[in-house]
Amino acid sequence: MIENCLSKAQVINRYLPATLTAKEHATAFAPSNIALCKYWGKRDTELNLPTNSSLSISLGHLGSHTQISHSHSNIDIVRLNNKVQDPQSSFHLKVIAFVNLFRRSQTIGLIIDTRNTIPTAAGLASSASGFAALMLALDDFFDLQLADQQLSAFARMGSGSASRSIYSGFVHWEMGEQLDGMDSVAHQLDTQWPNLRIGLIKVSSAQKPVDSRTGMDRTTATSNLYQNWPAQAAADLITLDNAIKQRDFHAMAACAEHNAMSMHATMISAWPPLVYWLPESLAVMQRVWQLRESGVAVYFTMDAGPNLKLLFEQSSQALLETEFSQLDIIVPFGD
Ligand code: DP6
């Protein structure tokens, strides 16, 4: 990790107009995403610049809708799923800190209204779609007319994985190398995969004991296995890119599962150890491996939490629905 050379505001200010104009209101949507090659580790914690490139799949219409309007006072109101958030809550503070980067010294009070369409039972993180939708709404509200690459770079400053949620479909986030991170941006791959399915298996809804941000920092600082991670992620990206182009399900999904397990190996070897799995997570993994032994084309991926995301194609859907009663199925390339 390098010392921060530039603050978020220093980078963003270079791209903002001298005088800001605000519309009456603006709305935007951004999809949630699941990484097939994970982002794990930062070279700059202020700008969320990663130590490896990553690749994800966006979840269609599942994500965050954000609306920005004037509060007609100097007070900011932040709502999440129709509930006003306590101004001291971390959600309110994070949203307002991000908005302030674009509002700068203007004293207009705003209402920021976010509604997540991610199934609440699914155990999916919403910070990626949340910051991407907020960035898109700010761009419209202040008429910034930023290019997609700039939107991706600025959403990344809210949460790294939000850089990918600016786009739908398969998305590649290039780690970049510039100090200001303006080359650390995502782009969309042009492959569609209508038969692809993602099955969410939620084994726990408890808040994770260590968030991804803290988990990444602890892993990079203390895990001896971490030094191999950037090279593995780089190799996995090439495999994934090729497999996606050829719509080779086994090559794509096997690489995604191996990548997730390798990321978890770096976490487990951190100190104190980071074990996000619960006994139920391991039971699902073992069932997936048994099913594969018996010829079913199913793999999984996992993020910094105990829940699993199964990867399969439509042809295996009926069988997996009977195997896993709690399966929440997503069609990433559906309508
Ligand atoms: C394991 O994007 O939530 O889900 O940049 O600190 O906000 P911050 O982290 P975040 O980390 C996501 C980690 C991951 C892998 C991934 O989505 O690539």
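Data block above holds the structure.
Residues numbered from 1 in each chain as written. Predicted model: local features only at pLDDT ≥ 70, side-chain atom pairs only at ≥ 80, totals over all residues. Heavy atoms only, no water.

The next subject is the nonpolar core. Of all hydrophobic cores here, the largest spans 85 residues; its most connected members are L36, F102, F154, F170 and M252. Formed by 15 residues, the second largest nonpolar core is a distinct cluster that contains V284, M285, V288 and F300. (Core = buried A, V, L, I, M, F, W, Y, C linked by side-chain atoms within 4.5 Å. Buried < 20%, exposed > 50% of the residue type's maximum accessible area, 1.4 Å probe, protein only.)

Scanning all chains against the criterion turns up 9 salt bridges. The shortest N-O distance in the salt bridge between E46 and K8 comes to 3.8 Å. Of this pair, E46 sits in the loop between β2 (42-44) and β3 (49-50) while K8 sits in helix α1 (residues 8-13), and the two are 38 residues apart along the sequence. Residues R103 and D76 are paired through a salt bridge, measuring 2.8 Å at the closest nitrogen-oxygen approach. Remark: D76 occurs in the loop between β4 (54-70) and β5 (77-80) and R103 occurs in helix α2 (residues 90-103); sequence separation between them is 27 residues. In terms of burial, R103 and D76 fall into one category: buried. One salt-bridge network, in which partners are shared between bridges, spans K38, D303 and K309. (Salt bridge = Lys/Arg side-chain N within 4 Å of Asp/Glu carboxyl O. Helix = DSSP H or I, 4+ residues; strand = E, 2+ residues; numbered from the N terminus.)

A few words on the packing of aromatic side chains. Applying the stated criterion across every chain yields a total of 10 aromatic pairs. Taking 5.6 Å as the distance between ring centres and 70 degrees as the angle between the ring planes, the aromatic pair formed by Y15 and F154 counts as edge-to-face. Of this pair, Y15 sits in the loop between α1 and β1 (25-37) while F154 sits in helix α4 (residues 148-158), and the two are 139 residues apart along the sequence. A ring pair is formed by F249 and Y299, whose centres lie 5.9 Å apart and whose planes are at 65 degrees; its orientation type is edge-to-face. Residue F249 is found in helix α7 (residues 249-268), and its partner Y299 is found in strand β11 (residues 299-301); the two are separated by 50 residues along the sequence. Y299 matches F249 in its accessibility class, with the two residues each being buried. Grouping aromatic residues by their ring pairs yields a cluster made of Y15, F98, F102, F131 and F154. (Phe/Tyr/Trp six-rings, centres within 6.5 Å; stacked < 30°, edge-to-face > 60°.)

The next subject is the environment of S223. The residue S223 is located in the loop between α5 (212-222) and α6 (229-245) in this model. The buried category is assigned to S223, whose relative accessible area is 7%. Taking C-alpha positions, S223 is 8.2 Å from I268, a pair spaced 45 residues apart along the chain. Once you skip the residues sitting within four places of it in the chain, S223 turns out to touch R218, T266, S269 and A270. (Contact = heavy atoms within 4.5 Å.)

As a further point, take the packing of α2 against helix α3 (residues 127-141). Packing of α2 against α3 brings their axes to within 11 Å, and their N-to-C directions diverge by 35 degrees. Where α2 crosses over α3, the handedness of that crossing is right-handed. Residues K94, V95, F98, V99 and F102 of α2 pack against F131, L134, M135 and L138 of α3. When grouped by side-chain class, the residues that make up the contact of α2 with α3 number 8 nonpolar, no polar and 1 charged. (Axes fitted to C-alpha atoms, helices over the stretch in contact; angles between N-to-C directions. Left-handed = near helix turned anticlockwise from the far one by under 90°. Nonpolar A, V, L, I, M, F, W, Y, C, P; charged D, E, K, R; others polar.)

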